[in-house]
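Chain by chain, the residues run as shown.
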Amino acid sequence: MTQQSSLFSDDFSLEDPSMAQEARLVLKKVFGYQSFRGLQGEIVTHAARGGDSLVLMPTGGGKSLCFQIPGLIREGLTIVISPLISLMQDQVQTLQENGLRACAYNSSLGLKEKRQVEKDLLAGQVDFLYLAPERLMTQACQDLLEEIDINGGKGGGLGLFAIDEAHCVSKWGHDFRPEYRRLNYLAKRYPNVPRMALTATADKFTRADIIRELKLEKARVFMGSFDRPNLTYHLTKRIRQGSEQILNFLKDHEGECGIIYCLSRRKVEETATFLKIKGYPALPYHAGLDNATRRDHQEQFLQSENMIIVATIAFGMGIDKPNVRFVAHMDLPKNIENYYQETGRAGRDGLPAVVQLFYGARDIVVLKMMMRKNNRGTGRFFFESENLESMYSFASSTACRRQTILQGFDEDFRGPCGNCDNCFSLAQEEGFSAREWAMKILVLYYRAKHLQSPQDLCDLARGLVTLKVREKKWFELENFGFLMDTPEKGVLYGIRQLMSHGFLKMDWNKGGLLQLTPLALDFLKEEKDLYFRDNPKRLTQKVKPTTAEKAATKKKKAAKKATTKKATTKKATKKIAKKTTNKAKPAPTKLKADAGGLFEHLKELRRKESKKRRLPAFKIFHDQTLKEMAENLPESNEELLDLYGVGEAKLKKYGKVFLKGIADYQMNL
Ligand SMILES: Nc1ncnc2c1ncn2[C@@H]1O[C@H](COP(=O)(O)OP(=O)(O)OP(=O)(O)O)[C@@H](O)[C@H]1O
Ligand SMILES: [Mg+2]
Ligand SMILES: [Zn+2]
C-alpha cells in the first residue's frame, strides 16, 4: 500500500490518538518543532507501533525524524545503518546537540573508545547506534547485537532498525553498495524488530529493488511529494567554458553559501582557482585530493556562511547543511535523477534557493565516452544513454522544469509552477510553434498501436520502410512519413522534447519502450499551445553564421536585453500570477527593518559559540531560529521554547546566552 503525502496532514492522530500525542510531544520537546511535515506523523506512529516501512521523501524532506522519534518512543536501542562515516558523525552530533544518547561505531574510533561504546550499549546507555553495513556484518558486531537482544541491558534490547540511504541496495541507483544487500539478514534474524528503509531516490526500479532485497514486502510504503517548492530552476546553454556566466550568476549571490559541480577533477581545480582569483571564497573538493584536505575543505564549508565549494559529484550525499543558497552545475549531469539529487542540496532550510545548470551539447559526447569506458553491458549502456538524452532534452526544453522532474517520478504535477526559468520567461512563445507537429507524431504513435523506441517512432515519421513497417503495414497510416524532409536528428529532438513535456515516456519495465501518457491525451483534447526552442527541420544543418550575421545577432540581442529584461520579467510575473495553479511556496517573510540589526548581532553570538564549541554554526541554531528571535524578542525560557528549533537541550545549553544577547542589544539601541 502506498500512501501519498498530504501536506501538514493531521489524519494520523485519528488512528492512535495517544501515540500521536506522544510523537508530537517528542517533536516539540526534543527537536523544538511545532508540527510534522507531510507524512512524518503517520510514519512515526506506524514505526512506533512496530510496523515496517519504506519511506520515500526528497532530499532535505525530513527523513531522519521519521526514525529518530519512534526510536525515542520505543523501548530499546535504535540501530541506524548509514553508508558514510561523515554522515554518521554529522547525525550523531545533531542528536547529541539535542541532548540524546547517540554514538557511531566505526573505524574512526580507537580501541578504548570502542570498548566504552560496547560497555554503554550493554548497559542500555545508548538510544541510537550508527553503523555502516560492512561493520554490521562482522562477527563481532553480530555477537554484540545478539547480546543486546538477549540480555537487553537496562535499555530493553533492540527497538528499531533504520536503514538510511537505502537506495545503496540497488544497482539501478547511483551509490550501489553490495554490502547493503546482506542487510536482509536483519529480517531473518530479528523478525520482531521493526525495520524502516529510507531514501530520497524516487524511481520505481530502485524502490522495487529495496523492497525485494531488504525483504520489505509487507512494509507500508510512504511516499511524500518530491516537489521542492523553494527551489528555483534555471537551465541555460553554456557559452564556451561558462566562466563569464558563472561570474554573472555569482554576482547575484554574493556572501552566500553554494556548491558548484563540475564533471572532472581538472575542471574543479580550474574553476576553484579562477573563482579565487576573482575574489570568491572557493575551495575545491574531489576524489583526487588526499583525505585530510578533503575533510578539511568539507569542514570549512560546513562551518562557513559564505563559502563556495567547487566539487565533483563525490561531494554531497547526506550533507545536512541547511543554508546552501545555490547549486550550480557547470556540466550536464548524467540523468534527471542525479540532477535532482544534486540540486536538492540547496535550500534544505526551506528558504528560497536557486539552482542553475549550464549545459552544452559536447557534454553528451564526453559522458557517453565515460559510460562506454565503464562498460557494464549493452543493455546498461542503452539505459544510461537514453537517460542522458532525456537530461539533455530536459535542459533544452521549454516545458515547466518542475513538471518534467515530477512527472519523471510518476507524480502528476501540472505546470506552470511559476518558479522556474521556463515559467518566468516568455521565450517559449518566440520558439517553434509545435502544436501541429506534436499532434501528428502523437497520432502516428497512437495509430501504430505498438510500443516503440524513440528511434522507431522517428523512422515511422520519416517514412522509412523497414521490415517491421512492411510487416505491420504501417506505411498505410495517415501520418506515415510526414517528416520526410526533416533530418533524423531533428525528429529525434522533437520526440525527446515531447518526452520532456511528459507526453511520451520510456517504460523501463518493458526494456525501454515508449508509452503515451495521460498528459498527451489531455494535450490532444485541449487547445493548448506548445513551443520548442528550435525548429526540428533546421537542426542538423550546422550552418555557421557569417560574421555579418553574428554581429547583427549580437547587436539585436544586446538591444533586446536592455529593453526587455525588466518588462519581460514583469510581464511574465503577471502572466504567471494569472496562470499559476501550483504556486510555489510564498517567499519567507523578510525581517522587519529594526530586526535586521539584531539578527546580525545574534549571528555574531552564534559564531562565537560555534568557535568555542567547535561546532558548525547551524548545529547551534538555524538562521530561521535566529530570525524568529529577532522578530519575537523572547524574554523568558518559555518564550524561547516556542521558537523554531529550540528544544529542551538547546534551551539549557544556549538559552541564557541568547536571551542575554537579545536583552543587551535592546538596551544599547
Ligand atoms: N517537522 C519539521 N519541522 C521543521 N524542520 C524539520 C522538520 N523535519 C525535519 N526538519 C529539518 O529539515 C532538515 C532536513 O531533514 P533531514 O536531514 O532529515 O532530511 P533527509 O530527508 O534525511 O534528507 P537527505 O535525503 O538529504 O538525507 C533538517 O535540518 C531537519 O531538522
Ligand atoms: Mg537523510
Ligand atoms: Zn515551472
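Think of each chain on its own: its residues are numbered from 1, step by step along the sequence as written. All chains are assigned letters beginning at A, and all ligands numbers beginning at 1, according to the order in which they are written. Totals for whole chains, interfaces and linings use every residue, but because this is a predicted model, local features are given only for residues with pLDDT of at least 70 and side-chain atom pairs only at 80 or more, for both listing and counting.

1. Regarding the overall build of the protein chain
(1) Moving on: Comment: elements are numbered from the N terminus, with helices defined as DSSP H or I runs of at least four residues and strands as E runs of at least two. The number of helices and strands found in the protein chain is 29 helices and 18 strands.
(2) Moving on: For every residue, the other C-beta atoms within 10 Å of its own C-beta are counted; 20 or more classify it as buried, 12 or fewer as exposed, and values in between as partly exposed. C-beta atoms are placed from the backbone. Scored against the burial criterion, the 669 residues of the protein chain give a buried share of 43%.
(3) Moving on: Counted over contacts in the protein chain with a minimum sequence separation of 6, partners at least 24 positions apart contribute 74%. This entry defines residue contacts through backbone-placed C-beta atoms, with two residues in contact when those atoms are within 7 Å.

2. Description of the nonpolar core
(1) Moving on: Only buried residues count toward a nonpolar core: Ala, Val, Leu, Ile, Met, Phe, Trp, Tyr and Cys, linked into one set through C-beta atoms within 7 Å. One finds Leu129, Ile163, Met196 and Val310 to be the most contacted residues of the largest nonpolar core, which totals 121 residues.
(2) Moving on: Each domain span listed reflects an automatic or database assignment of domains. Split by domain, this core shows at least three residues from each of two domains, domain 1 (2-223) and domain 2 (231-396).
(3) Moving on: Contacts of Leu129, omitting those with residues within four sequence positions, involve Leu77, Ile79, Val80, Cys103, Tyr105 and Leu121.
(4) Moving on: Listed in part, the 30 residues of the second largest apolar core include Leu442, Leu444, Leu483 and Phe532.

3. Things to note about the packing of helix H3 (residues 40-48) against helix H4 (residues 64-73)
(1) Moving on: Where H3 contacts H4, the axes come no closer than 8 Å and their chain directions differ by 40°. The pairing of H3 with H4 is recorded here as oblique in orientation. As H3 runs across H4, the sense of the crossing is right-handed. Residues Gln40, Ile43, Val44, Ala47 and Ala48 of H3 form the contact with H4, whose participating residues are Leu65, Cys66, Phe67, Ile69, Pro70 and Ile73.
(2) Moving on: In terms of residue class, the contact of H3 with H4 is made up of 10 nonpolar, 1 polar and no charged. Lines fitted to C-alpha atoms define the axes, with helix axes restricted to the stretch in contact, and inter-axis angles between N-to-C directions lie between 0 and 180 degrees. Angular relationships are summarised with four words: roughly parallel below 35 degrees, roughly antiparallel beyond 145, roughly perpendicular across 65 to 115, and oblique for the angles in between. In this scheme the crossing of two helices becomes right-handed for a clockwise turn of the near helix relative to the far one and left-handed for an anticlockwise turn of less than a right angle. Residue type decides the class: Asp, Glu, Lys and Arg count as charged, Ala, Val, Leu, Ile, Met, Phe, Trp, Tyr, Cys and Pro as nonpolar, and the leftover types, Gly among them, as polar.

4. Considering the site of ligand 1
(1) Moving on: Around ligand 1, the structure places 17 residues, and the nearest of them are Tyr33, Gly62, Lys63, Ser64 and Ala200.
(2) Moving on: Here the shell around ligand 1 is composed, by residue class, of 6 nonpolar, 7 polar and 4 charged.
(3) Moving on: Two domains each put at least three residues into the shell around ligand 1: domain 1 (2-223) and domain 2 (231-396). Residues are classed as near a molecule or strand if the C-beta position derived from their backbone is within 6 Å of it.

5. Considerations on the environment of Ala202
(1) Moving on: As for its position among the elements, Ala202 is in the loop between strand S7 (195-199) and helix H10 (204-213).
(2) Moving on: When the 23 C-beta atoms within 10 Å are taken as the criterion, Ala202 is described as buried.
(3) Moving on: In contact with Ala202, not counting residues within four places along its chain, are Leu56, Phe226 and Phe409.

6. Some thoughts on unusual backbone geometry
(1) Moving on: The linkage connecting Gly415 with the following residue, Pro416, adopts the cis geometry, with an omega of 0°.
(2) Moving on: Position of Pro416 relative to the elements: it lies in the loop between helix H17 (401-408) and helix H18 (421-424).
(3) Moving on: At Asp410, a residue that is not glycine, the phi angle is positive and equals roughly 65°.
(4) Moving on: Tracing the chain through its elements places Asp410 in the loop between H17 and H18.

7. Re the sheet that holds strand S14 (residues 353-359)
Pairing between sheet strands relies on hydrogen bonds along the backbone, with the strands arranged either parallel or antiparallel.
(1) Moving on: Taken in spatial order, the 6 strands make up an open sheet running S9-S14-S13-S10-S12-S11, and their pairing is parallel. Two strands in the sheet have a free side with no partner beyond their single neighbour: strand S9 (231-237) and strand S11 (282-285). Averaged over all pairs of adjacent strands, the angle between their axes in this sheet comes to 15°, without regard to strand direction.
(2) Moving on: Note on pairing: two strands pair once DSSP finds at least 2 bridges between them. Bridge analysis of S11 against strand S12 (residues 308-311) gives 4 bridges, and the strand direction is parallel. Across the sheet, Pro284 pairs through a bridge with Val310, a residue of S12.
(3) Moving on: On the sheet, helix H13 (residues 291-303) packs against S11 and S12 and is oriented at approximately 140° with respect to S11.

8. Comments concerning H13
(1) Moving on: Multiplying 1.5 Å by the residue count of a helix minus one yields the expected span of that helix. Across its 13 residues, H13 extends 18 Å between first and last C-alpha, which sits within 8% of the 18 Å expected from 1.5 Å per residue.
(2) Moving on: Looking at the packing, one finds that the buried side of H13 touches S11 and S12.

9. What to know about the confidence of the model for the protein chain
(1) Moving on: Overall, the predicted model of the protein chain reaches an average pLDDT of 86, with 87% of residues at or above 70.
(2) Moving on: Scored from 0 to 100, pLDDT reflects the predictor's confidence in each residue. Predicted confidence for residues 5-9 stays below pLDDT 50, and this span has 10 contacts to residues more than four positions away or in other chains.
(3) Moving on: pLDDT under 50 marks residues 562-590. Its contacts with residues more than four places away, or in other chains, come to 26 contacts.

10. Some remarks on the pairing of strand S5 (residues 128-131)
(1) Moving on: Burial along S5 is two-sided: the face carrying Phe128 and Tyr130 and the face carrying Leu129 and Leu131 are both buried.
(2) Moving on: Across 4 bridges, strand S3 (residues 77-81) lies against S5 in parallel orientation. Directly across from Ile79, in S5, lies its bridge partner Leu129.
(3) Moving on: Here is how to tell: hold the view so the strands point away, follow the path from the first strand over the helix to the second, and if it runs clockwise the crossover is right-handed. Taken together, strand S4 (residues 102-104), helix H6 (residues 111-122) and S5 constitute a β-α-β crossover, and its handedness is right-handed.

11. Side note on the packing of helix H2 (residues 17-31) against H4
(1) Moving on: As a packed pair, H2 and H4 sit with axes 10 Å apart at the nearest point and diverge in direction by 105°. Judged by the inter-axis angle, H2 sits roughly perpendicular to H4. Contacts from Glu22, Ala23, Val26, Leu27, Val30 and Phe31 of H2 reach H4 at Leu65, Ile69, Leu72 and Ile73.
(2) Moving on: Class assignment of the residues belonging to the contact of H2 with H4 gives a composition of 9 nonpolar, no polar and 1 charged.

12. As for the pairing of S12
Along any regular strand, the residues point their side chains to alternate faces of the sheet.
(1) Moving on: Of the two faces of S12, the one lined by Ile308 and Val310 and the one lined by Ile309 and Ala311 are each fully buried.
(2) Moving on: Taken together, the 4 bridges between strand S10 (residues 257-261) and S12 define a ladder with parallel strand orientation. For Tyr261, the partnering residue across the bridge sits in S12 and is Ala311.
(3) Moving on: Handedness of the S11-H13-S12 crossover: right-handed.

13. Describing the environment of Glu604
(1) Moving on: In this structure, Glu604 sits in helix H25 (residues 593-613).
(2) Moving on: With 11 C-beta atoms counted inside 10 Å, the residue Glu604 sits in the exposed group.
(3) Moving on: In this structure, the C-alpha to C-alpha distance between Glu604 and Ala617, residues 13 residues apart in sequence, is 10.0 Å.

14. Concerning the environment of Tyr285
(1) Moving on: Note on placement: Tyr285 falls in strand S11.
(2) Moving on: Given 24 C-beta atoms within 10 Å, Tyr285 falls into the buried group.
(3) Moving on: When the C-alpha positions of Tyr285 and Phe315 are compared, they lie 6.9 Å apart, and in sequence the two are 30 residues distant.

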